[in-house]
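A structural walkthrough
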Amino acid sequence: MKPRARSPYTLAVGELAVTVERKRVKYLRLRVSSADGALRLSAPPRVSDAELRAFVASRQDWVRRHRERLAARPTTPRRDFEAGEAVPLWGETLFLGDRAAGRARTCRREGDTLLLPADATATRESRQRLVHQWYRRMLEARIAERLPRAERAVHARAARIEVRRMRSRWGSCTVQTRRIRIGLALVAQPRICLDYVLIHELAHLRESGHTPRFWAIVERAMPGWRDAHAVLRGAAPDPGLWH
Ligand SMILES: [Zn+2]
């Protein structure tokens, strides 16, 4: 075997440029970066470049489709949290309104308008913080309302529920401490999604893995869970809103 270029290196396959990373992996794994569509291939040390080329060539259609999907994504501009901007709540849309006069220090909803308080709104960060605080109150109130029902349905109780800003997950469960974290971004999704995430994380208290037994517990507790699951799979926390 002739010595190869040091990993990572670039391999040209037809019109594709692939960054090859030699790793202690068992199988070839090709990824398309969601940021810029770049291709990365993890490969075990002993597979030849000719075999890598053949593998990538066999995946060309998949790469093209994947890149098309990425290109079709709506871009989410950074928000300024100024009056007139749309913000989501439970799958619906509210608009930020002119600041309420007076000494209020928190956001207040009036119909489809979310009013920011008059003070402490000088910077994007302070306005965002106020909107996030309001979101957190909405989510915590809804959790308090829905949790007892979810716990009865799953036959499991959490020791503690925390609302957190999460980048790529909707919830998590630490089985040992029976602590559940709920992603703040769930407040933007239809209410059924929060119900589903509560059921899902509580079900982990009875079955830690995503086994058939786990899904049977979820199914018994919430027969309509698939609708919520599908919504969350197609959604991702909007970075312009949460970060
Ligand atoms: Zn899970």
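Here is a short report on the structure shown in this document. Since the model is a prediction, treat every value here as computed from it, not as a measurement. For every chain, the first residue of the written sequence is number 1, and numbering continues from 1 onward in sequence order. Restriction of local features to residues with pLDDT of at least 70 applies here, the model being predicted, together with a cutoff of 80 or more for giving and counting side-chain atom pairs; totals for whole chains, interfaces and linings are based on all residues. Note that the side-chain values use all heavy atoms of the structure and ignore hydrogens as well as water.

With that settled, the discussion passes to the sheet that holds strand β11 (residues 179-183). Reading across the sheet, the three strands line up as β9-β11-β10 and stay open at both edges, with mixed pairing between neighbours. Since the sheet does not close on itself, it has two edges, and those belong to β9 (160-164) and β10 (171-174), each with one partner. The average angle at which neighbouring strand axes cross in this sheet is 20°, direction not considered. The contact criterion used throughout is that any non-hydrogen atoms of two residues lie within 4.5 Å. What counts as an axis is a line fitted to C-alpha atoms, over the stretch in contact for a helix, and the angles between N-to-C directions run from 0 to 180 degrees. Helix and strand labels come from DSSP, where a helix needs a run of H or I of at least four residues and a strand needs a run of E of at least two; each type is numbered from the N terminus. Against the sheet, helix α3 (residues 124-154) engages β9 and β11, with an angle of about 155° to β9. Here the rule is simple: two strands pair whenever DSSP picks up at least two bridges between them.

Here we take up the coordination of the zinc ion. Each protein donor to the zinc ion is listed here as His-200 (NE2), His-204 (NE2) and His-210 (NE2); together their distances run 2.0 Å. The buried label applies to any residue whose accessible area, calculated with a 1.4 Å probe on protein chains only, is under 20% of its type's maximum; exposed applies above 50%, and partly exposed to all values in between. Classification of His-204 by relative accessible area gives buried; the value is 8%. Atoms are scored as donors when they are N, O or S and lie within 2.8 Å of the metal, with 3.2 Å used for Na, K and Ca; no water is included, so coordination may look incomplete.

Let us now look at the sheet that holds strand β3 (residues 29-32). As summarised here, the arrangement of the four strands in space is β1-β2-β4-β3, forming an open sheet in which the pairing is mixed. The open sheet has two edge strands, β1 (9-13) and β3, and neither has a second partner. Put simply, the sheet's adjacent strands are angled 30° from each other on average, direction ignored. Pairing of strand β2 (residues 16-22) with strand β4 (residues 39-43), which is carried by five bridges, proceeds in the parallel orientation. Within β4, the position partnered with Val-18 by the bridge is Leu-39.

Let us now look at the pairing of β10. Note that β10 and β11 share four bridges and pair antiparallel. Bridge pairing links Cys-173 to Ile-180 in β11. The antiparallel hairpin formed by β10 and β11 contains four residues in its connecting segment, where Arg-178 sits at a positive phi of about 55°.

It is worth spelling out the packing of helix α5 (residues 212-221) against helix α6 (residues 225-234) at this point. The geometry of a pair of packed helices is captured by two quantities: the angle between their axes and the separation between those axes. Taken N-terminus to C-terminus, the directions of α5 and α6 make an angle of 110°; their axes are 9 Å apart at the nearest point. In terms of orientation, α5 lies roughly perpendicular with respect to α6. Along its contact with α5, which presents Trp-215, Val-218 and Glu-219, the element α6 presents Trp-225, Arg-226 and His-229. Roughly parallel refers to an angle under 35 degrees, roughly antiparallel to one over 145, roughly perpendicular to one between 65 and 115, and oblique to any angle outside these ranges.

Only the six-membered ring of Trp is used, alongside the rings of Phe and Tyr, when aromatic pairs are assigned; centres must lie within 6.5 Å, and planes under 30 degrees apart are stacked while those over 60 apart are edge-to-face, with the rest tilted. Scanning all chains against the criterion turns up five aromatic pairs. Ring geometry for Trp-134 versus Tyr-135: centroids 5.9 Å apart, planes at 45°, classification tilted. Like Trp-134, the residue Tyr-135 is buried in the burial classification. Where Tyr-135 meets Trp-242, the ring centres are 5.1 Å apart and the plane angle is 40°; that geometry is what we call tilted. You can see Tyr-135 sitting in helix α3 and its partner Trp-242 sitting in helix α7 (residues 239-242), a full 107 residues away along the chain. On the accessibility criterion, Tyr-135 (0% relative accessible area) is buried. Ring pairing ties together the aromatic residues Tyr-196, Phe-214, Trp-215 and Trp-225, which thus form one cluster.

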